[in-house]
Amino acid sequence: MNFDGLDAGMGEYPPSLHGTLEAVMEPSMDPHLNPSLLQGVELDPEGLAVTVPEAVHLMEGMFSELHSAVSEVGIPVTATHFDLQEEMLWMGNHRGHVTSFFGPTMGRHSSFQAHASDDIRHIHSLETGVLFLSKCNLKCHTRGGLVMFDYPLEEGADMHSLLMTDNNTVLMGGLQNYAVELDLNTVQETQKFTVDVPGVAIMRQTGRFFYCGHTSGKITLRDLRSFKTEHEFDAFSGSLSDFDVHGNLLAACGFSSRGMNGLACDRFLMVYDLRMMRAVTPLQVHVDPLFLRFIPTYTSRLAIISQTGQCQFCEPTGLANMADIFHVNTVGQVLMSFDVSSSKQALAFGDSGGCVHLWSDAPEVSFNDYSRETEFALPCLVDTLPQLDWNHDLLPLSIIPTPLTSTEHLLSDWSPAKATPSPRRAPPVDPEILRAMKTVGFIGYAANPRTRPRNQAYVELDYDNYNQVPESPIGRDEEPHLYMVPKKYRKVTIKYSKLGLEDFDFKHYNRTLFAGLEPHIPNAYCNCMIQVLYFLEPIRYLVQNHLCQKEFCLACELGFLFHMLDLSRGDPCQASNFLRAFRTIPEASALGLILADSDEQTGKARLGRLIQSWNRFILTQLHQETQEQEGPQAYRGASSSSLGSSGESAIGKLFGCEVENSSLCRCGKETVRSSLSLLFTMHYPEQNSQGDYHVPQILKKSICLEQSTQAWCENCEKYQPTVQTRNIRCLPDVLVINCEVNSAKEAEFWKVQAEYAFNKAMQKEKMEPAKPKEPPPPIGEGTCNMEGITFDTRAEDLRHVWIPPSLKMSISKSQGLEIGSWPEGEELSTEEEEEGASVYDLVVTVPHILDARTGGNLVAHIKVGETYHQRKEGVTHQQWYLFNDFLIEPIDKTEAAQFDVSWKVPGILYYAKRNYHTKYDLRIKNPIDASVLLTEASLARKQRKSHATFIPLMVSEMPQAGELVGLDAEFVTLNQEEAELRSDGTKSTIKPSQMSVARITCVRGQGPNEGVPFIDDYISTQEQVVDYLTQYSGIKPGDLDAKISSKHLTTLKSTYLKLRFLIDTGVRFVGHGLQKDFRVINLLVLKDQVVDTVYLFHLPRKRMISLRFLAWYFLELNIQGETHDSIEDARTALQLYRKHLELSRAGGNDEVRKVLKGLYEKGRQLDWKVPESETGDGQGSPKSAAVFPSVMGL
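Not measured: the values here are computed from a predicted model.

How each quantity is defined
Starting afresh in each chain, residues are numbered from 1 along the sequence in its written order. Totals for whole chains, interfaces and linings use every residue, but because this is a predicted model, local features are given only for residues with pLDDT of at least 70 and side-chain atom pairs only at 80 or more, for both listing and counting. Side-chain measures here rest on the full set of heavy atoms in the structure, leaving out hydrogens and waters. Criterion for a disulfide: a pair of cysteine sulfur atoms within 2.5 Å. Burial classes: relative accessible area under 20% of the type maximum marks a residue as buried, over 50% as exposed, and values in between as partly exposed (1.4 Å probe, protein chains only). Patch membership requires over 30% relative accessible area and the absence of a salt bridge. Like charges are linked within 9 Å, and nonpolar side chains (Val, Leu, Ile, Met, Phe, Trp, Tyr) within 5 Å. Surface accessibility follows the Shrake-Rupley procedure with a 1.4 Å probe radius. Residue values consider only the protein chains on display as shielding. Just to be clear on terms, a salt bridge is a Lys or Arg side-chain nitrogen sitting within 4 Å of an Asp or Glu carboxyl oxygen. All tallies of charge rest on Lys and Arg as positive and Asp and Glu as negative; His and the ends of each chain are not included. Taken as the charge location is NZ of Lys, CZ of Arg, CG of Asp or CD of Glu. The helix and strand labels rest on DSSP assignments: H or I over at least four residues marks a helix, E over at least two residues marks a strand, and numbering proceeds from the N terminus. Side-chain atoms within 4.5 Å are what join buried Ala, Val, Leu, Ile, Met, Phe, Trp, Tyr and Cys residues into a set we call a nonpolar core. Contacts: residue pairs with any heavy atoms within 4.5 Å of one another. Any pair of Phe, Tyr and Trp rings, taking the six-membered ring for Trp, is counted once the centres come within 6.5 Å. Such a pair is stacked with planes under 30 degrees apart, edge-to-face with planes over 60 apart, and tilted for the rest. We call a charge positioned above a ring when the Lys NZ or Arg CZ atom is no farther than 6 Å from the ring centre and deviates by at most 35 degrees from the ring normal. By the convention used here, strands pair only if DSSP detects at least 2 bridges between them. Fitted lines through C-alpha atoms serve as axes, helices being fitted only where they are in contact, and the angles separating the N-to-C directions of these axes extend from 0 to 180 degrees. UniProt positions are given in the numbering used here, feature names are shortened, and annotations may be inferred rather than shown by experiment. The directions considered for the arc are those from the helix axis to the C-beta atoms.

A.B. asks: Explain the state of the cysteines to me, using residue names and the numbers behind them.
C.D. replies: Across all of its chains, the model carries zero disulfides by this definition. The thiol of Cys 528 is not disulfide-bonded; the next cysteine sulfur, from Cys 526, is found 7.6 Å away. Assessed through its relative accessible area of 4%, Cys 528 is described here as buried.

A.B. asks: Residue-level account of a positive patch on the surface, with values.
C.D. replies: A contiguous patch of positive charge on the surface is contributed by Arg 1101, Lys 1102, Arg 1153 and Lys 1157. Along the chain, Lys 1102 falls in the loop between helix H23 (1093-1096) and helix H24 (1107-1115). For Lys 1102, a relative accessible area of 42% puts it in the partly exposed group.

A.B. asks: Lay out the nonpolar core in plain terms, naming residues and giving numbers.
C.D. replies: Formed by 105 residues in total, the largest nonpolar core has its most connected members in Tyr 525, Ile 530, Trp 614, Phe 655, Tyr 910 and Phe 1069. Per-element accounting of this core gives the leading share, nine residues, to helix H9 (residues 554-567). Excluding residues within four positions of it along the chain, Phe 655 makes contact with Leu 536, Ile 539, Leu 619, Ser 677, Leu 678, Pro 732, Val 734, Val 736 and Tyr 910. In this structure, Phe 506, Cys 657, Ile 703 and Cys 739 belong to the second largest nonpolar core, which totals 50 residues.

A.B. asks: Which residues make up the packing of aromatic side chains, and what values do they have?
C.D. replies: The final tally for this structure, using the stated rule, is 43 aromatic pairs. Consider the rings of Phe 578 and Trp 614, whose centres lie 6.4 Å apart with planes at 70°: the pair is edge-to-face. Here Trp 614 lies in helix H13 (residues 607-627) and Phe 578 lies in helix H10 (residues 576-583), a separation of 36 residues in the sequence. Judged by its relative accessible area of 1%, Phe 578 falls in the buried class. For Trp 614, a relative accessible area of 0% gives the class buried. Site record: aromatic cluster; members linked through ring pairs are Phe 514, Tyr 534, Phe 535, Phe 562, Tyr 868, Tyr 881 and Phe 883. Over the aromatic face of Tyr 868 sits the side chain of Arg 871, whose NZ or CZ is 4.6 Å from the ring centroid.

A.B. asks: Got a sec to walk through the sheet that holds strand E51 (residues 994-1004)? Specific residues and values, please.
C.D. replies: Across the sheet, six strands lie side by side as E53-E52-E51-E48-E54-E55; this open sheet has mixed pairing. The open sheet has two edge strands, strand E53 (1049-1050) and strand E55 (1090-1092), and neither has a second partner. Sheet analysis places strand E54 (residues 1068-1071) next to E55, joined by three bridges and oriented parallel. Within E55, the position partnered with Phe 1069 by the bridge is Val 1090. Of the strands in this sheet, strand E48 (964-975), E51, strand E52 (1013-1019), E53 and E54 touch helix H21 (residues 1052-1065), which is tilted by about 145° from E52. Most of the contacts of helix H25 (residues 1126-1165) go to E48, to which it runs at about 140°, and overall it touches E48, E51, E52, E54 and E55.

A.B. asks: Requested: an account of the UniProt feature "binding site: a divalent metal cation" (unreviewed entry) in the protein chain, with residues and values cited.
C.D. replies: Feature annotation in UniProt places "binding site: a divalent metal cation" (unreviewed entry) on Asp 968, Glu 970, Asp 1077 and Asp 1129, given in this structure's numbering. What stands out for the annotated residues spanning 162 residues is how close their C-alpha atoms remain, the widest pair being 12.9 Å apart. Excluding its chain neighbours within four sequence positions, the residues that come into contact with Glu 970 are Ser 996, Val 997, Ala 998, Arg 999, Tyr 1032, Ser 1033, Ile 1035, His 1124, Asp 1125, Ser 1126 and Asp 1129. Tracing the chain through its elements places Asp 1077 in helix H22 (residues 1074-1081). The class of Asp 1077 is buried, set by a relative accessible area of 5%. Leave out the neighbours within four places in its chain, and Asp 1077 touches Asp 968, Ala 969, Phe 971 and His 1072.

A.B. asks: Can you lay out unusual backbone geometry for me, pointing to particular residues and giving the numbers?
C.D. replies: Of the consecutive residues Val 197 and Pro 198, the connecting peptide bond is found in the cis state with omega at 15°. Mapped onto the elements of the fold, Pro 198 is located in the loop between strand E14 (188-194) and strand E15 (202-205). Unusually for a residue other than glycine, Glu 717 sits at a positive phi of about 60°. Among the secondary structure elements, Glu 717 is positioned in the loop between strand E37 (706-713) and strand E38 (718-728). Of the residues examined, Glu 717 reaches a relative accessible area of 59% and is grouped as exposed. With phi around 55°, Glu 740 is a residue other than glycine that occupies positive phi space. As for its position among the elements, Glu 740 is in the loop between strand E39 (734-738) and helix H16 (744-767). With relative accessibility at 26%, the residue Glu 740 sits in the partly exposed group.

A.B. asks: Summarise the pairing of strand E34 (residues 657-665); cite the residues concerned and give the values.
C.D. replies: The side chains of a regular strand alternate between both faces of the sheet. Of the strand pairs in this sheet, E34 and strand E35 (residues 670-677) are connected by eight bridges, and their pairing is antiparallel. Bridge pairing in E35 links Ser 663 to Thr 671. Connecting E34 to the antiparallel partner E35 that follows it, the hairpin turn spans four residues, and Gly 668 within it adopts a positive phi of roughly 100°. When E34 meets E38, the two strands line up antiparallel, connected through seven bridges. When the bridges of E38 are listed, Cys 665 appears paired with Thr 722.

A.B. asks: Give a description of the sheet that holds strand E3 (residues 77-82) that names residues and reports values.
C.D. replies: Overall, antiparallel pairing links the four strands, which are arranged E3-E4-E5-E6 in an open sheet. Two strands lie at the open edges of the sheet, namely E3 and strand E6 (107-113), each paired on one side alone. Pairs of neighbouring strands in the sheet enclose a mean axial angle of 15°, with direction left out of account. In terms of strand pairing, strand E4 (residues 88-93) meets strand E5 (residues 97-102) through five bridges, oriented antiparallel.

A.B. asks: Which residues make up a nonpolar patch on the surface, and what values do they have?
C.D. replies: Taken together, Leu 388, Trp 390, Leu 397 and Ile 399 make up a surface patch of nonpolar side chains, about 440 Å² in accessible area. The residue Trp 390 is located in the loop between strand E31 (355-360) and helix H3 (416-419) in this model.

A.B. asks: How would you sum up the pattern of salt bridges? Please name residues and give values.
C.D. replies: On inspection of all chains with the given rule, the structure shows 40 salt bridges. The salt bridge partner of Arg 121 is Asp 158, with a shortest N-O separation of 2.4 Å. In this pair, Arg 121 sits in the loop between E6 and strand E7 (122-125) while Asp 158 sits in the loop between strand E10 (147-152) and strand E11 (159-166), placing the two residues 37 residues apart along the sequence. By relative accessible area, Arg 121 is classed as partly exposed at 21%.

A.B. asks: Describe H22, listing the residues and the values that go with them.
C.D. replies: Within H22 the residues assigned to the buried category are Leu 1074, Asp 1077, Phe 1078, Val 1080 and Ile 1081. All buried residues of H22 fall inside an arc of 165° around its axis, so they share one side. Those residues of H22 that are buried are in contact with H10, E48, E51, H21, E54 and E55.

A.B. asks: Which residues make up the environment of Leu 283, and what are the values?
C.D. replies: Within the fold, Leu 283 resides in strand E24 (residues 283-284). When its relative accessible area of 3% is taken as the criterion, Leu 283 is described as buried.

A.B. asks: Give me a negative patch on the surface: which residues, what numbers.
C.D. replies: Taken together, the side chains of Glu 831, Glu 833, Glu 834 and Glu 835 define an acidic patch exposed on the protein surface. In this fold, Glu 833 is placed in helix H17 (residues 830-834).

Right under this line is the structure:
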């Protein structure tokens, strides 16, 4: 052979490729050795490309060699892979170098070093890059060679294969006792699965299983989710070399043990039927199989490849034919890698000499059925610059590069002083802290002087330019809305810490004594409307007097919630039980009022339209629920509600308006129907209507609506154009209006009308003579304005105000409904009252706040009446307040009517008739009596008396005010906690886990049966439970299912009524961690009715101590061994309280503090873990003497 003129790198080609075979084989037998094939090929140190002459003809349907290429001469090719997205072939060699070839001509596309020294063992292509697996490293490169990520594996790892389980997850296995699952988005390990030694060498996947091949000769079938072994095939006695899966067949090749002679290649392929999980007849082949693949073009053909380059095709269920054997000319080298393209038209072989052979069954081969276009490196454009025409007048001379001849500094050449980063210095430490600091070692300790809010730093802002519109054209559109929404109107969120809500400062958001509502519960968007209903006196009294036997009744749940709002002194409450019942109402789901969590968090819900639909739904639902008669109205014979005793609903009296609907067909047929309407919807003029409109004018047209529509005419017996008109026969006590500002057209109408009204007010103020400003009345004389906190309203304050503060409404036989604006504060004359006129004052506005950052929120402006202030604050006046979940703030009366539609869109208006509540009976008659504690049947079908764990109270045992009741509750999880990890590694809770009460236990606190439970209810739930928390709650799957449970199963409402009766009676609850228990049960209990052992045995600024440790230390009891039992916990809390009383009587507070110091010292010594019992009696104790006598058991 003549190698003159070739690169010197050819000398590195091993002798086995050319030196020893020249005399044995003719040059024409091997394309590598034919000098004519090497002419015109340029070799470089990185590789050698060898091309096949164009005259090669391939026989259709039979595989033949198409091209060959060399990447690095003499370096074995350890991995080959056909790209799954583009027409490219990848190869990796023993030194960690990677090369890609484009198309069937195998033109070099890219070449780079993927690993410094280890061999490439597996290659897999992705949409955005290519994965390269080496012994202890996984790298991802772009197809051009840029590194996307480099993930090092554990020391000692010996990876051999990888498998894509989905688009973003890869599974890696090798010769170690584990397999690693990696998330490609975060480049983090998500799971690690344990496997048997010697590990996993080959992995395949179908829709049913993972298939793992082991070097021991076994193939295991594993579950796709848990990776647990489902089945195992013992294929070969020696070792496994390769296997493949197609359809219902699994074929494998390997080595058999030959005793002292070691391993021998087995010419029988093992074939398994995956439907029956058993082996079928082994397939004998005529080559020594090293690789095999299914090539299912027409049939399920198998390609079997030997190490020496022999290739045989056969059917897995038929006999092998000698005529189907082909030979890959490796020039004496052995094959080390093999792959099949996704189109099954091409085969790739990599040998130990660094050569890649491409075989195909068609000359026009494509690697994939649908490949995307491949990007190539851009050619150098230096030599193709356009010619400059010096004679052209408009030639830009700036395109001519000129050298820098000036000695002046460039603008970008900053001085080192300006280029050096200058971090913000930490503020100086408060001298008071330094003065009081005690140093231990190199750490100083000092009390927090509380002069600054926690986690906040003071930064001086330039307030003059803070709200200015940016000069950038982009900024004018995007930036102003960030500061447009005032802070008090923005969506409020609770910041959770390690202590949950205990250190969150709700007082910062609410300095009144009214109670806010927490927003983190699903569907809490209706918090503002709950507050609206609460501050309507007749509704508040109606629902608190209402009690029925329906499990999910919104009127009952509102009554329970309003009771909590009455008791609260500024602390926020939760509407969790109300919203739980709300989610079960079919009509709410049908109307689309129940939101998914994703819609609430991402702001996809159209809150303005949603709250108006909710407003209509809740009024209709309360009207139906309070109108129904269920035997005696009250629960189990309690006295009936005065507001709901008759067949007419109080909701109908309050909001109802008798409406007469008339339909007039063009044939002259008129149909009149009467109905009850609880609210009205605003209808606006057509789009082309321009001019100045007044709210009374629009409101009259909306109430007395006239429209044309197609309707069925009984006279014509077909659909005909009809004119429908609506008239009202009476006026409601509270007029409810849905504003229906759901599009830009309605919003623009409000904006234009508000501008008209504002301009009129400004002109009127200019025309009137200036009035001397009256001084504000002295504080304390009771002359505060009844409408708000301002004493006069200037025209400037009326910007964005269109709706009037008061309306005069009347119905006359001659003119029908009449509506007009009315000066606020003025009363009607006697004649007007006799004519049936009424004045309506604006008492509620509910706007939708548009905020692009948070997705928006809903708030309410409510005019709180005198009776509420009298109950909460002991003063008699009226005031407007802003209710934004748990943020409550007094506002001016004009602010309640201002709607800047660019961020504050009107939703709902309530106008109330003056002094309307005087005709209602506003006395609360608590409908919950002692009958709720009597024996009740269990919902569980399998529950028997022998399974009872409690003895109900007798009539003589009914608790009295001040008596003790031991309480404990267990919970299950409905939704897991949502949290994020900060950059410093700490966890931040975004949304806490949603808990549901599953078991409530109450035990007697005194008397001969002290310690005996009288309530032990398991709470049935219809919602999906994601975690029963069995280790901590003792609740097992099935305990809350009425079909299979053997427990005393009740509804939440039934048990809630029992606890409400005990609270109203005035008993004192004793328990451990009762604050959380009452919070999840959704009860508000006054502090003087709660004895919590968590705080009884606690020193300031120290950790809280578990009930188990307290029981071991003080009572010599070993409780909560495997799971928690609420009866045991309630009894233990009672005993601990008795022990605390004993210590207090013995030595007072000093003795208690001394004992607690000893408790904390003992806890630190034992790391707060109860030691295991050594006596065998189950009670390892710190003392020898008994502390407290055991209570009586069942």
